[in-house]
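Here is how the chains run, residue by residue.
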Amino acid sequence: MRSTGFRRTFVTLMASSVALTAAACGSSGDDAANGKTRITVNCEPPKSAKVDRSFFDADTKAFEKANPGIDVVTHDAFPCQDPKTFDAKLAGGQMEDVFYTYFTDAKHVVDVNQAADITSYVKDLKSYSTIQQQLRDIYTVDGKIYGVPRTGYSMGLIYNKKLFQQAGLDPNKPPATWDELRADAKKIAALGKGTVGYADYSAQNQGGWHFTAEVYSQGGNVVSEDGKKATVDTPEGKAVLQNLKDMRWGDNSMGSKQLLVINDVQQMMGSGKLGMYLSAPDNIPILVKEKGGNYNDLALAPMPGGKGTLIGGDGYMFNKKDTPEQIKAGLKWLDHMFLTPGSGFLGDYARAKQNNAPVGLPEPRLFTGAADAKDQQVKKANANVPVDNYQAFLDGNQSLQMKIEPPQAQQIYSVLDAAVSAVLTKKDADIDQLLKDASGKIDSILARG
């Protein structure tokens, strides 16, 4: 899943949907009428997101000017990928020449034979070797490369420093274990007046998503390494549900309202009534710009548990109908738009700052080595948020195992939703039975492939 539930850009969270029609999509053919190589690309911000749209279009025009032999036809979309129509577009041959995907889509697109093998072309992509290996691996299937990462995120713990201080806790010492988180949540909830110590999602597949992140944090998995069996009915899985149940019913630190989704929890945090919740850094500007929060009060810590964290993100793949010229043109476009440190649609931090967009959040962190150093240097020079509030997250992530979402993620999350919602709404919920039932259902999902 996306960490916000929406596409992450550096300027705004877009709030209106633009439908894609079949006529607007699909491979456009190699040559435009003027003899240029033409490529269609998607994930252009909709017109309602005026600033994002203007930046995206300006960057694309600059690319075309620098590459006069390439014609880029952009298609707007919100969200960039609609799970309800994605498979239909693939099956119908309506996908763009260069098309947006979530990390969890990569293997599926390859399995249904809709992706071009770009292995022999990425050597010409100057930025490719600078991208984090674990992100590159996501688009590598059976030793062949089928896509290029654009952004990446990892889950952490957002917490309210102001509430920590009011509860007698050290705002510069976030909880490092789930036992510490439980103790801190109890003290925060004791402040009263509707204050909740810790909140978690438990509906619309989001509960299963967070269950997965919490299992990872304790060193467990939800699916075996070969992707064939469920691994939720384990000590780690039981620990997740037991902790939630104890906090909800034993400590009363999670509030009485449950079946929460991301918007509910963001509203609670933004209003100053929530101490902690799991999220990625991109939630922070939403909490400030849309939910009433304050950058100075919001800090970020690594996942409690100290063993692992869930990572996600997105990238671009190439239509299997693409010609070699289109693949080469698409890679050049990606390099220009997203993969040059300190510039382009996602990396022009000076431009973002001038337009009052948050600069200085710890993610996305796409690059390594000198490329990462340059990106961080430009970001720091233009920072307009309290970067010290996120240092614990950056430091702690260095020792965590980064794990991608499981195969058949949304179906599995739906199953796990039921287990999470049960322990948060039923005081007598049987954890052992919930995990046994979930394990059986997940095995069936994996068996169907």
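One structure accompanies this document, and this report is about it.

So, about the overall build of the chain. Looking only at helices and strands, one finds 17 helices and 12 strands in the chain. Taken over the C-alpha trace, the chain has a radius of gyration of 22 Å; the compact-globule value for 449 residues is 22 Å, and the two agree within 12%. Viewed in the frame of its principal axes, the chain has a C-alpha envelope of about 70 × 50 × 40 Å. Expressed as a percentage of its 449 residues, the buried residues of the chain come to 57%.

Below, the discussion takes up the environment of asparagine 160. Here asparagine 160 lies in strand E7 (residues 156-160). C-alpha of asparagine 160 to C-alpha of lysine 273: the two residues are 113 residues apart in sequence and 9.0 Å apart in space. One polar contact links the side chain of asparagine 160 to the main-chain amide nitrogen of lysine 162, over a distance of 2.9 Å.

Our next topic: helix H6 (residues 178-189). If you check H6, its first and last C-alpha atoms are 16 Å apart, about what 12 residues at 1.5 Å a residue would give, namely 16 Å. Every buried residue belonging to H6 is among Trp178, Leu181, Asp184, Ala185, Ile188 and Ala189, and all of these are buried. Projection of H6 onto a plane perpendicular to its axis shows the buried side chains occupying an angular sector of 130°, all on one side. The secondary structure elements touched by the buried residues of H6 are E7, helix H5 (161-166), strand E8 (196-198), helix H7 (206-217), helix H8 (235-251) and strand E9 (274-279).

A few words now on the state of the cysteines. Tallying each qualifying case throughout the model produces 1 disulfide. Paired through a disulfide, cysteine 43 and cysteine 80 show a sulfur-sulfur distance of 1.9 Å. Note on the cysteine 43 and cysteine 80 pair: the S-S dihedral is about 70°, so by sign convention the disulfide is right-handed. In this pair, cysteine 43 is assigned in strand E1 (residues 37-44) and cysteine 80 in the loop between strand E2 (70-76) and helix H2 (83-91), connecting sequence segments 37 residues apart. Like cysteine 43, the residue cysteine 80 is buried in the burial classification.

Let's shift gears to the side chain of glutamine 266. Looking at the element boundaries, glutamine 266 is found in helix H9 (residues 262-270). Judged by its relative accessible area of 5%, glutamine 266 is buried. Among the polar contacts made by the side chain of glutamine 266, one reaches the side chain of asparagine 283 at a distance of 3.1 Å. Sequence-distant contacts of glutamine 266, that is, excluding residues within four places in its chain, are made with Tyr277, Asn283, Ile286, Leu287 and Lys291.

Before going further, it helps to examine the pairing of E1. In terms of residue burial, E1 counts as a mostly covered element, since 7 of its 8 residues are buried. One ladder, built from 6 bridges, connects E1 with E2; its direction is parallel. When the sheet's bridge partners are listed, glutamate 44 is paired in E2 with aspartate 76. Regarding topology, helix H1 (residues 50-66) serves as the crossover connection from E1 to the parallel E2, and that connection is right-handed.

About the thresholds
- Residues numbered from 1 in each chain as written.
- Predicted model: local features only at pLDDT ≥ 70, side-chain atom pairs only at ≥ 80, totals over all residues.
- Heavy atoms only, no water.
- Helix = DSSP H or I, 4+ residues; strand = E, 2+ residues; numbered from the N terminus.
- Rg over C-alpha atoms; globule rule 2.2 N^0.38 Å.
- Buried < 20%, exposed > 50% of the residue type's maximum accessible area, 1.4 Å probe, protein only.
- Polar contact = N/O pair within 3.5 Å; in protein donor to acceptor, adjacent residues only side chain to side chain.
- Expected span 1.5 Å × (residues − 1).
- Arc of directions from axis to C-beta.
- Contact = heavy atoms within 4.5 Å.
- Disulfide = S-S within 2.5 Å.
- Pairing = 2+ DSSP bridges.
- Right-handed = clockwise from strand over helix to strand, strands pointing away.

None of the figures reported here should be taken as evidence of function without further support.
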